[in-house]
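So the chains spell out like this:
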Amino acid sequence: MASAGDPPTGQRDAADQNFDYMFKLLLIGNSSVGKTSFLFRYADDSFTPAFVSTVGIDFKVKTVYRHDKRIKLQIWDTAGQERYRTITTAYYRGAMGFLLMYDVTNQESFAAVQDWATQIKTYSWDNAQVILVGNKCDLEDERVVPTEEGQRLADDLGFKFFEASAKENINVKQVFERLVDVICEKMNESLEPSSSPGSNGKGPALGDTPLPHTSSCPC
Ligand code: GTP
Ligand code: MG
């Protein structure tokens, strides 16, 4: 049980070495779509209306439970600004899942999704799982990207799709849970002997053995 002297949950999670798997996840998308807000909502259940653009990259850790396994999520929050692209793409390698985010009130951020998808294809594992997230769905009056267009693009790209709101806490937990589930499904597929032709051998260490801590580390 937590006592007054204990570090905050995030720090405890980060230091906690007791887990069965570690999944490295990345948040990507144009600047101001709400990546940092989304992560803060998920990890800390907080939201601030002020915009403090991310410099480079940051991360948070959260532990979830799936099928009696402790899964430590190492969630990297990348800067959307173009000038940090060289730094941020260096972190794609080894990521098992991506949340590719746009803002439903910002057409430019939606138009950029294709480019972000290309970046994933270029810099990450072939079997990394991707969820397309249309954030800020609370701003219905300012919406310029219809839900159907988001869904259609996700279908074209072969991604799962959610609309969400970091501000109103809509679908935030669900998005992360879905990403964890599809990664788990992919791991189980890879464990089936018949599925090996689909694997390119570059993927994460799979199976009942816990992933080595270094396997997901970008350092
Ligand atoms: P970069 O770090 O520059 O890449 O931006 P970001 O994608 O991390 O955006 P950030 O989370 O900093 O949010 C940008 C602005 O949008 C902030 O003012 C947030 O308060 C606001 N915002 C984020 N999510 C939502 C949301 O779901 N609804 C509304 N209405 N505003 C949001
Ligand atoms: Mg940010």
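In short, a report on the structure. Given the structure is predicted, the values throughout are model-derived calculations rather than measurements.

1. What to know about the sheet that holds strand 3 (residues 69-78)
Okay, so step 1: In space, the 6 strands of this open sheet follow the order 2-3-1-4-5-6, with mixed pairing throughout. Across the chains shown, the open sheet's two edge strands, defined by having one partner strand only, are strand 2 (57-66) and strand 6 (160-163). If you compare each strand with its neighbour and ignore which way they point, the axes differ by 25 degrees on average.
Okay, so step 2: In this sheet, strand 3 lies alongside strand 2 in antiparallel orientation, the contact comprising 10 bridges. Within the sheet, the bridge partner assigned to K62 lies in strand 3 and is L73.

2. Some thoughts on unusual backbone geometry
Okay, so step 1: One non-glycine residue, S32, lies in positive phi territory at about 75 degrees.
Okay, so step 2: If you trace the backbone, S32 turns up in the loop between strand 1 (21-28) and helix 2 (35-44).
Okay, so step 3: The exposure class of S32 is partly exposed, given its relative accessible area of 28%.
Okay, so step 4: The backbone of H67 shows a phi angle near 50 degrees, a positive value even though the residue is not glycine.

3. Remarks on the packing of helix 2 against helix 7 (residues 172-191)
Okay, so step 1: The N-to-C vectors of helix 2 and helix 7 enclose an angle of 85 degrees; their axes lie 9 Å apart at closest approach. With respect to their mutual orientation, helix 2 and helix 7 come out roughly perpendicular. Between helix 2, through F38, L39, R41 and Y42, and helix 7, the contact on the second element is made entirely by V172, K173, V175 and F176.
Okay, so step 2: Residues of the contact of helix 2 with helix 7, tallied by class, amount to 6 nonpolar, no polar and 2 charged.

4. Digging into the side chain of S165
Okay, so step 1: If you trace the backbone, S165 turns up in the loop between strand 6 and helix 7.
Okay, so step 2: A polar atom in the side chain of S165 sits 2.9 Å from the backbone nitrogen of E168.
Okay, so step 3: Among residues more than four places away in sequence, those in contact with S165 are N135, K136, C137, D138, I170 and V172.

5. Quick look at the side chain of R66
Okay, so step 1: Secondary-structure assignment places R66 in strand 2.
Okay, so step 2: Look past the residues within four positions of R66 in its chain and what remains in contact with it is I71, E177, V180 and D181.

6. Considering the site of ligand 1
Okay, so step 1: As a structural note, the neighbourhood of ligand 1 is formed by 24 residues, with S31, K35, S37, P49 and S53 the closest of them.
Okay, so step 2: One of the side-chain nitrogen or oxygen atoms of S31 is found 2.5 Å away from an oxygen atom of ligand 1.
Okay, so step 3: Taking V33, its main chain carries an N or O atom lying 3.3 Å from an oxygen atom of ligand 1.
Okay, so step 4: Bound to the protein, ligand 1 loses 93% of the 650 Å² it would expose on its own.
Okay, so step 5: No other element matches the 3 residues that helix 2 contributes to the shell around ligand 1.
Okay, so step 6: Its residues assigned to classes, the shell around ligand 1 shows 8 nonpolar, 12 polar and 4 charged.

7. Some details on the packing of aromatic side chains
Okay, so step 1: For the coordinates displayed, the defined rule picks out 8 aromatic pairs.
Okay, so step 2: Site record: aromatic cluster; members linked through ring pairs are F38, Y42 and F176.
Okay, so step 3: A cation sits over an aromatic face here: K60 above F40, 4.4 Å from the ring centre.
Okay, so step 4: The positively charged end of K62 is found above the aromatic ring belonging to Y42, 4.9 Å away from the centroid.

The rules behind these values
Residues numbered from 1 in each chain as written. Chains lettered and ligands numbered in written order. Predicted model: local features only at pLDDT ≥ 70, side-chain atom pairs only at ≥ 80, totals over all residues. Heavy atoms only, no water. Pairing = 2+ DSSP bridges. Helix = DSSP H or I, 4+ residues; strand = E, 2+ residues; numbered from the N terminus. Axes fitted to C-alpha atoms, helices over the stretch in contact; angles between N-to-C directions. Buried < 20%, exposed > 50% of the residue type's maximum accessible area, 1.4 Å probe, protein only. Parallel < 35°, antiparallel > 145°, perpendicular 65-115°, else oblique. Contact = heavy atoms within 4.5 Å. Nonpolar A, V, L, I, M, F, W, Y, C, P; charged D, E, K, R; others polar. Polar contact = N/O pair within 3.5 Å; in protein donor to acceptor, adjacent residues only side chain to side chain. Near = heavy atom within 4 Å. Areas by Shrake-Rupley, 256 points an atom, 1.4 Å probe, with all protein chains shown as cover. Phe/Tyr/Trp six-rings, centres within 6.5 Å; stacked < 30°, edge-to-face > 60°. Lys NZ or Arg CZ within 6 Å of the ring centre and 35° of its normal.

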